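Listed below are the residues making up each chain.
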Amino acid sequence: MQLMPQPFMAVPVTDRVYWVGALDWHIADFHGYRTERGTTYNAFLVLADKVTLIDTVKRPFLDEMLYRISSVIDPSKIEVIVSNHSEMDHSGSLIETAKAVNASKVYASANGVKALDAHFHHALDVEAVPNAGSVSLGTMTLQCFETKMIHWPDSMVSFLHEEKILFSQDAFGMHLATSNLFADENDRHVMQWEAGKYYANIVMPYSAIVATTLEALAGLKLPIATIAPDHGPIWRTPDDIAWILGLYAKFVAQKPTRKVVIVHDTMWGSTDLMARAVADGVRAAGVKVQEIPMHGAHRSNVATEVLDAGALIVGSPTMNSTIYPAMADVLTYLKGLKRKNLMGAVFGSFGWGANSIKELTDYMTAMGVELVAGPVKVNYVPTRDDLLQCSALGKAVAEELKKRC
Ligand code: FEO
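Calculation criteria
Residues numbered from 1 in each chain as written. Predicted model: local features only at pLDDT ≥ 70, side-chain atom pairs only at ≥ 80, totals over all residues. Heavy atoms only, no water. Pairing = 2+ DSSP bridges. Helix = DSSP H or I, 4+ residues; strand = E, 2+ residues; numbered from the N terminus. Contact = heavy atoms within 4.5 Å. Axes fitted to C-alpha atoms, helices over the stretch in contact; angles between N-to-C directions. Polar contact = N/O pair within 3.5 Å; in protein donor to acceptor, adjacent residues only side chain to side chain. Phe/Tyr/Trp six-rings, centres within 6.5 Å; stacked < 30°, edge-to-face > 60°. Buried < 20%, exposed > 50% of the residue type's maximum accessible area, 1.4 Å probe, protein only. Lys NZ or Arg CZ within 6 Å of the ring centre and 35° of its normal.

A. How the structure looks around the sheet that holds strand 7 (residues 44-46). Taken in spatial order, the seven strands line up as 1-2-7-8-9-10-11 in an open sheet, and their pairing is mixed. For this open sheet the edge positions go to strand 1 (11-12) and strand 11 (127-128), each flanked by a neighbour on one side alone. As judged from the three bridges shared by strand 2 (residues 17-19) and strand 7, these two strands associate in the antiparallel manner. Bridging from a neighbouring strand, Trp19 pairs with Phe44 of strand 7. Across the face of the sheet, helix 3 (residues 94-101) comes into contact with strand 8 (51-54), strand 9 (78-82) and strand 10 (105-108) while running at roughly 165° to strand 9. Lying over the sheet, helix 4 (residues 110-120) contacts strand 10 and strand 11, oriented at roughly 110° with respect to strand 10.

B. Summary view of the side chain of Thr39. With respect to the secondary-structure elements, Thr39 resides in strand 6 (residues 39-41). Polar side-chain contacts of Thr39 include one of 2.6 Å to the side chain of His175. In this structure Thr39 touches Ala22, Leu23, Asp24, Ile27, Met174, His175, Leu176, Ala177 and His231, once residues within four positions along its chain are discounted.

C. Region of interest: the packing of aromatic side chains. For the coordinates displayed, the defined rule picks out nine aromatic pairs. Judged by centre distance (5.3 Å) and plane angle (50°), the rings of Phe44 and Phe167 are tilted. Taken as a pair, Phe44 in strand 7 and Phe167 in strand 15 (residues 165-169) lie far apart in primary sequence, 123 residues in all. Just as Phe44 is buried, Phe167 falls in that class too. What links up through ring pairs into an aromatic cluster is the set Phe172, Tyr199, Tyr248 and Phe251. The lysine or arginine in question, Arg236, covers the ring of Phe182, its NZ or CZ lying 3.9 Å from the ring centre. The positively charged end of Arg299 is found above the aromatic ring belonging to Tyr333, 5.7 Å away from the centroid.

D. Here's a closer look at the sheet that holds strand 16 (residues 226-229). If you walk across this open sheet you meet the five strands as 12-13-14-15-16, and the pairing is mixed. Unpaired on one side and paired on the other, strand 12 (134-136) and strand 16 mark the two borders of the sheet. Looking at each pair of strands side by side, their axes are set apart by 20° on average, direction ignored. Bridging between strand 14 (residues 156-160) and strand 15 involves three bridges; their strand directions are antiparallel. What sits directly across from Leu160, in strand 15, is Ile165.

Here it is, written out as structure tokens:
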């Protein structure tokens with residue numbers, strides 16, 4: 001059949017596998033995570049005997065994906081769809097795609113079948129693939145492995161043996177819209193930040209199970225030549241694959257480093273002045289410090305900075321008998337992300353009730369942060385002695401950190 005010119009083209013990953021996803025340059029918020037660089041919804045077309053689509057795209061990008069598929073093959077030739085992950089950024093267009101391409105089989109993990117049924121109310125017949133089970137595509141074989149909690153309980157990855165491609169869904173991905181679809185075409189500094197941001201904000205709470213899963217996958221010794229995640233660049237060189245696997249090993253370990261993150265907000269500048277003195281104490285002890293005033297900062301960038309930190313110090317004035325709203329926001333968020341192995345301290349200013357110190361302490365305790373100095377609290381405006389106490393607080397945390405890493 002003569003293929004018609006299409007407004008969106010597929011991009012070859014290998015001779016028999018094509019990227020047919022979509023670029024979303026405009027998304028700024030991904031369930032509470034600020035995506036300043038947009039994102040990609042990667043989907044892949046496998047030209048096996050049974051033509052197969054691996055994952056789909058977020059619902060508004062359905063047409064773009066279908067155009068890309070049409071640039072390679074008549075979409076009605078797709079017989080199989082594999083849904084590696086049920087979250088709607090990947091499965092939002094699954095029903096429409098299945099109808100548009102007339103697929104005879106849709107596969108997901110056992111938990112994926114339940115999740116898709118719950119989302120689509122049984123509108124689609126989905127068959128479960130057992131863990132490590134295979135789907136025959138005729139000339140090729142796709143083997144599926146459950147990767148529960150990377151990022152949902154339904155998640156699985158699929159390995160296409162003949163092309164040595166691991167379709168890794170959320171794992172090893174990042175929110176990054178880029179016309180350069182391969183990792184070797186992108187700036188590593190940008191990818192390091194975005195991969196870390198993705199891990200910190202999406203995967204970090206499940207680090208223990210991620211560690212076990214990645215170890216089990218590594219034990220299979222699959223001859224992986226390409227890792228194709230559902231978001232961000234595709235890893236196709238041995239150097240890039242080793243690099244992202246190495247980064248994940250660090251993310252999972254959550255080992256403290258000599259870096260202190262100071263997060264605070266301020267009303268009339270007193271807590272800000274205290275934060276600057278705390279930071280100076282850290283710096284004077286020879287430890288890296290990242291100050292983040294919450295005025296204008298976003299919780300997801302704080303989480304990214306905390307990912308490789310060794311200590312977290314938080315400060316807030318008391319307002320209306322509680323902490324500043326931006327501090328409650330970021331601490332609630334960080335509590336859910338469950339970063340392990342942190343030490344820290346708290347500080348704050350107050351007028352007629354120093355409740356912020358107790359609330360900050362409660363948050364830090366609930367987060368499992370070991371408080372190793374302080375707290376420092378200041379009535380209204382810090383004196384020189386108060387600021388010396390703040391500087392000493394920063395120095396004490398930094399010195400303790402140096403003893404441990
Ligand atoms: Fe990219 Fe968990 O969805």
